[in-house]
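What the coordinates show
Chain residues, written in single-letter form:
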Amino acid sequence: MEVPVFTEEVAQQLKSFARLCMDNPSLLHDPALYFVKELIEYFGGKIPDKCSTSSPQSKSEESPKEEEPKPESEPVPEPEPEPESEESDLELDMTGVIEPDQDPPQKMGNPTLQPTEEEIEESQAKRSEAVSAFMEKNYEKAIQLYTEAIVLNPQSPILYAKRGQVYLLLNKPNACIRDCDRAVELNPDSAAAHKFRGRAYHLLGKFEEAANDLRLACKFDFDEQADEWLRETTPNARKIEEHKRKKERKVQEKLERERHERLQKAQEAAKARAENTRTSQTDGDSQFGREGEFYRFLKDPDVIEAFRDPSVAEAFKDISTNPTNILKYQNNPKVMALINKMATRFGGAGGMPGGMNFPGGMPGFPGAGTGRPNPPAGPQDDCGLD
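A brief report on the enclosed structure follows. On a predicted model such as this, the values are computed, not experimentally measured, just so you know. (Residues numbered from 1 in each chain as written. Predicted model: local features only at pLDDT ≥ 70, side-chain atom pairs only at ≥ 80, totals over all residues. Heavy atoms only, no water.)

1. Points about the nonpolar core
For the record, the criterion: Definition of nonpolar core: a set of buried residues of the types Ala, Val, Leu, Ile, Met, Phe, Trp, Tyr and Cys, connected through side-chain atoms within 4.5 Å. Accessible area is worked out with a 1.4 Å probe on protein chains only. A residue is then buried under 20% of its type maximum, exposed over 50%, and partly exposed in between. Secondary structure follows DSSP: runs of H or I at least 4 residues long count as helices, runs of E at least 2 residues long count as strands, and numbering of each begins at the N terminus. Only heavy atoms matter for contacts: two residues are in contact if any of them lie within 4.5 Å across the pair.
With 38 residues, the main nonpolar core has Val166, Leu168, Cys176, Ala193 and Phe196 as its most contacted residues. Taken together, the elements giving at least two residues each to this core come down to helix H4 (117-135), helix H5 (139-152), helix H6 (157-169), helix H7 (173-186), helix H8 (191-203), helix H9 (207-220) and helix H10 (224-288). Beyond its immediate stretch of four places on either side in the chain, Val166 contacts Phe134, Tyr139, Ala142, Ile143 and Tyr146. Grouped together as the second largest cluster of nonpolar side chains are 17 residues, Phe17, Ala32, Ala313 and Met342 included.

What follows is the structure, given as structure tokens:
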């Protein structure tokens, strides 16, 4: 028996089909291609088990999913270094600022004691003596006398404010603040308490607190000295206030920038996932072209049903061995129905992948596929392949 001659196009498609089977041996386990499996095993070949076969195509489709970056693994930008202190970039006038005093808290008197009229009169006498000592600049004695007056009448805010004034002159701003705090508790509108506490805050470098207290002092009872102290502390207070507003703006801008970056990364990740999904869905068709279409054709339920007929399968095997043998089956309606289905699906000559096209159109006899007559057979060689 002479070996049939195949055109270059048929030979190329046979090679494509063979390459497809080598890349994905699981195709050979399809019942529709049992005759190809039978041919390989007839000559001693072995087809890998179906569970152990995997195509490079499927691996390449999975690889993007394995390498797909996850939002959790994305590098987190390093936080911007925070300023060393709130006022590190401020140029403040520290003239007059002193070291804080560390003396134990002074005696405050019993806050629940309600003095009698005699105690109030005695407290007033002690206060008058304290004022005299203050005028003589005997500050230690003045503090002692104010303390005795406070013990007798702990409900008098002016006694605490005046003793705070003496502590201020002794450069003890913390003690002054403690006395003025008690005075403000007893009388929130005490101009003297706000005035001396404001100056004490200034000596400690707490310019915002100083400005607030001195403004209240001038509001409750305008005093030239309080106004002078306020004008002295206001420039630093304004610088600090502006610095804080600037810092708050930077924090808000940073939060907004970080939110925008997170949103942008999430959108990019979603776009990458969508691209990977589209790629995995189209790789099968784009990589193997019409071979993939031919494989889907073989999975058609009607085609599978047709190949279950032993006569159709045997005829298809005979035709695939030598396309000219199709002439023997022109009167077989089952075989011709399958061939006409293939002609309709793949569009006649040059349309069938997998090495199943035939010379002279589809599939090598008049009236089938394109309707062109079969060309005369050319010279044949020993192997039957180009």
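Now, onward.
2. A short note on H5
Defined as follows: How far a helix is expected to stretch is found by multiplying one less than its residue total by 1.5 Å.
For H5, with 14 residues, the first-to-last C-alpha span of 20 Å sits near the 20 Å given by 1.5 Å per residue. Buried residues of H5: Tyr139, Ala142, Ile143, Leu145, Tyr146, Thr147, Ala149, Ile150 and Leu152, and no others. The secondary structure elements touched by the buried residues of H5 are H4 and H6.

3. Regarding the packing of aromatic side chains
Going by this rule: Working definition: rings of Phe, Tyr and Trp (its six-membered ring) pair if their centres are within 6.5 Å, and the pair is stacked with planes under 30 degrees apart, edge-to-face with planes over 60 apart, and tilted otherwise.
Under the counting rule described, the total for this entry stands at 2 aromatic pairs. Relative to Tyr139, the ring of Phe134 lies with its centre 5.7 Å away and its plane at 50 degrees, an arrangement referred to as tilted. For the pair formed by Phe134 and Tyr139, the shared burial category is buried. Aromatic side chains Phe307 and Phe316 sit 5.0 Å apart centroid to centroid with 90 degrees between the ring planes, which places their arrangement in the edge-to-face category. With a relative accessible area of 8%, Phe316 lands in the buried category.

4. Regarding the pattern of salt bridges
Note the following rule: Criterion for a salt bridge: a side-chain nitrogen of Lys or Arg within 4 Å of a carboxyl oxygen of Asp or Glu.
Under the counting rule described, the total for this entry stands at 16 salt bridges. The salt bridge partner of Lys172 is Asp103, with a shortest N-O separation of 2.9 Å. Of this pair, Lys172 sits in the loop between H6 and H7 while Asp103 sits in the loop between helix H3 (56-67) and H4, and the two are 69 residues apart along the sequence. A salt bridge links Glu242 to Arg249; the nearest nitrogen and oxygen atoms lie 3.6 Å apart. According to the relative accessible area criterion, Glu242 is partly exposed, its value standing at 35%.

5. Here's the deal with the side chain of Ser123
Here is the rule we go by: A 3.5 Å cut-off defines polar contacts: any pair of N or O atoms within that distance qualifies, except that in protein one atom must be a possible hydrogen donor and the other a possible acceptor, and neighbouring residues in sequence count only when both atoms are side-chain atoms.
For Ser123, the location among the structural elements is in helix H4. A polar atom in the side chain of Ser123 sits 2.9 Å from the backbone oxygen of Ala149. Look past the residues within four positions of Ser123 in its chain and what remains in contact with it is Ala149, Leu152, Asn153 and Leu159.

6. Digging into the packing of H5 against H6
Counted only if it meets this: Every angle, taken between N-to-C directions, lies between 0 and 180 degrees, and every axis is a line fitted to C-alpha atoms, over only the stretch in contact when it is a helix. To sort the angles, those under 35 degrees are grouped as roughly parallel, those over 145 as roughly antiparallel, those from 65 to 115 as roughly perpendicular, and the leftovers as oblique. If you view the pair so one helix is near and one far, a crossing is left-handed when the near helix is turned anticlockwise from the far one by less than a right angle, and right-handed when it is turned clockwise. Under the scheme applied here, ten amino acids are nonpolar (Ala, Val, Leu, Ile, Met, Phe, Trp, Tyr, Cys and Pro), four are charged (Asp, Glu, Lys and Arg), and all others, including Gly, are polar.
Packing of H5 against H6 brings their axes to within 10 Å, and their N-to-C directions diverge by 160 degrees. Here H5 is positioned roughly antiparallel relative to H6, judged by the angle of their axes. Crossing angle aside, the handedness with which H5 passes H6 is left-handed. In this structure, H5 contributes Tyr139, Ala142, Ile143, Tyr146, Thr147, Ala149 and Ile150 to the contact, and H6 contributes Leu159, Tyr160, Lys162, Arg163, Val166, Tyr167 and Leu169. For the contact of H5 with H6, the per-class residue count stands at 11 nonpolar, 1 polar and 2 charged.

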